[in-house]
Amino acid sequence: MNAPLPPGALNAPASAHLASPGLLEAPRAQRQADVVQALRAVLPAHALLWQQEDVVPYECDGLTAYRTTPLCVVLPETEEQVAAVLRACHRLEVPVVARGAGTGLSGGAMPHERGVTLSLAKFNKILQVDPVSRTATVQCGVRNLAISEAAAPYGLYYAPDPSSQIACTIGGNVAENSGGVHCLKYGLTVHNVLQVRGYTIEGEAVTFGSRALDAAGLDLLSVIVGSEGMLAVTTEVVVKLVPKPQLARCIMASFDDVTRAG
Ligand SMILES: Cc1cc2nc3c(=O)[nH]c(=O)nc-3n(C[C@H](O)[C@H](O)[C@H](O)COP(=O)(O)OP(=O)(O)OC[C@H]3O[C@@H](n4cnc5c(N)ncnc54)[C@H](O)[C@@H]3O)c2cc1C
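Here the structure is a predicted model, which means the values were calculated and not measured.

J.: Would you mind going over the environment of Gln-195 with me for this structure?
T.: Tracing the backbone through its elements, the reader meets Gln-195 in strand β8 (residues 193-199). Looking at Gln-195, the number of C-beta atoms within 10 Å reads 18, which means it is partly exposed. Contacts of Gln-195, omitting those with residues within four sequence positions, involve Thr-207, Phe-208, Gly-209, Ser-210, Arg-211 and Val-238.

Right, here's the structure in full:
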């Protein structure tokens, strides 16, 4: 539960602080109050966490050696809220760190101590599985394995399989261009995604790729995939599905000399 803001924090509009010189150097508590106040205007109360005990669970990702707490954590439930959060943070010059499941091992979802952590955990719906076009349309917070589970009744699955697939999200997979053992045959995330929709840091809606096998113009899909969330916040992804093999066998071979393994 969030307690009321610090005394005096609500007296002046955020824009008043913006107008002052040295905004970025403002004391952290004042900065936090400004940001929380701005985000309260665009989010329901339960979607905004800023008390220390509420934000501590977000202090690191899988790279647990590094930890810090953000000014606040937002958990939007609609794309309009994502866009509004980004617009407000952009106006206040607040860094935003997107977060999926927080399983990343490179510290990508580690908070910025003077920034906002944008959790996409509520974007967890599988919107469509189309066995004819062999595609699935999913929100960014859907777990990797959940896609294959939803496609299983059609004899299909989503090939990229990071070992964290039980927990990691497709939005995180897109940001990290994640792969797993199936990638030796089917390629990485970038080879298995048709379309990515999301929002720029200014809150502008963007679409990369298309539902077709190719999209006109520059191939920006392969720019967004692997961009570590730096170019846009992904909200929805169209992925390719592949047929389950009729038979799968594990084999192990050993070679005395690595050159003979080729
Ligand atoms: C046990 C274990 C095994 C793993 N095995 C593998 C493996 O086999 N292969 C592999 O590639 N990785 C592996 N990983 C790393 C990790 O699981 C992947 O990188 C995964 O894609 C991260 O997904 P996430 O949802 O947890 O993202 P997070 O950790 O939350 O975020 C990762 C990055 O993506 C960004 N991001 C997240 N969601 C969005 C979004 N919606 N829009 C924009 N940016 C976003 C974040 O800002 C951050 O930069 C493993 C991790 C663990 C803990």
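J.: How should I be thinking about the sheet that holds strand β9 (residues 205-209) in this particular structure?
T.: Paired through backbone hydrogen bonds, the strands of a sheet run either parallel or antiparallel to each other. Within the open sheet, the 5 strands sit side by side as β5-β6-β10-β8-β9. Their pairing is antiparallel. Unpaired on one side and paired on the other, β5 (126-130) and β9 mark the two borders of the sheet. For this sheet, the mean angle separating the axes of adjacent strands, direction not counted, is 10°. Strand contacts of helix α4 (residues 79-92): β8 and β10 (233-240), with the helix running at about 135° to β10, the strand carrying the most contacts.

J.: Can you help me understand the site of the ligand in this one?
T.: Close to the ligand lie 32 residues; Gly-100, Gly-108, Gly-171, Gly-172 and Gly-229 are nearest. Put simply, the parts of the chain that give the shell around the ligand at least two residues each are β3 (96-99), α6 (170-176) and β10. At 5 residues, α6 tops the list of elements feeding residues into the shell around the ligand. Considered class by class, the residues forming the shell around the ligand number 11 nonpolar, 17 polar and 4 charged.

J.: Would you mind showing me how to read unusual backbone geometry here?
T.: Excluding glycine, a negative phi dihedral is what most residues carry, and trans is how most peptide bonds are arranged. Positive phi is not limited to glycine here, since Glu-93 has a value of about 60°. Within the secondary structure, Glu-93 sits in the loop between α4 and β3.

J.: Looking at this structure, how should I read α4?
T.: One turn of an α-helix holds 3.6 residues; hence residues three or four places apart share an orientation. With 14 residues, α4 extends 20 Å between its outermost C-alpha atoms, agreeing within 8% with the 20 Å of an ideal straight helix rising 1.5 Å per residue. Those residues of α4 that fall on the buried side of the exposure criterion are Val-82, Ala-83, Ala-84, Val-85, Leu-86, Ala-88, Cys-89 and Leu-92. Glu-93 sits one or two positions beyond α4 and adopts a positive phi of about 60°.

J.: Even after reading the chapter, I still don't get the packing of helix α2 (residues 28-40) against α4, so can you show me in this structure?
T.: Two measures define how a pair of helices packs: the angle their axes make with one another and the distance between the axes. At a closest axis distance of 10 Å, the pairing of α2 and α4 adopts a crossing angle of 145°. Crossing of α2 against α4: the hand is right-handed. For the pair formed by α2 and α4, the contact residues are Asp-34, Val-35, Ala-38 and Leu-39 on the first element and Val-85, Ala-88 and Leu-92 on the second. For the contact of α2 with α4, a count of residues per class yields 6 nonpolar, no polar and 1 charged.

Calculation notes
- Residues numbered from 1 in each chain as written.
- Predicted model: local features only at pLDDT ≥ 70, side-chain atom pairs only at ≥ 80, totals over all residues.
- Helix = DSSP H or I, 4+ residues; strand = E, 2+ residues; numbered from the N terminus.
- Buried ≥ 20, exposed ≤ 12 C-beta atoms within 10 Å, placed from the backbone.
- Contact = placed C-beta atoms within 7 Å.
- Pairing = 2+ DSSP bridges.
- Axes fitted to C-alpha atoms, helices over the stretch in contact; angles between N-to-C directions.
- Near = placed C-beta within 6 Å.
- Nonpolar A, V, L, I, M, F, W, Y, C, P; charged D, E, K, R; others polar.
- Expected span 1.5 Å × (residues − 1).
- Left-handed = near helix turned anticlockwise from the far one by under 90°.

That's the geometry; what it means functionally is another story.
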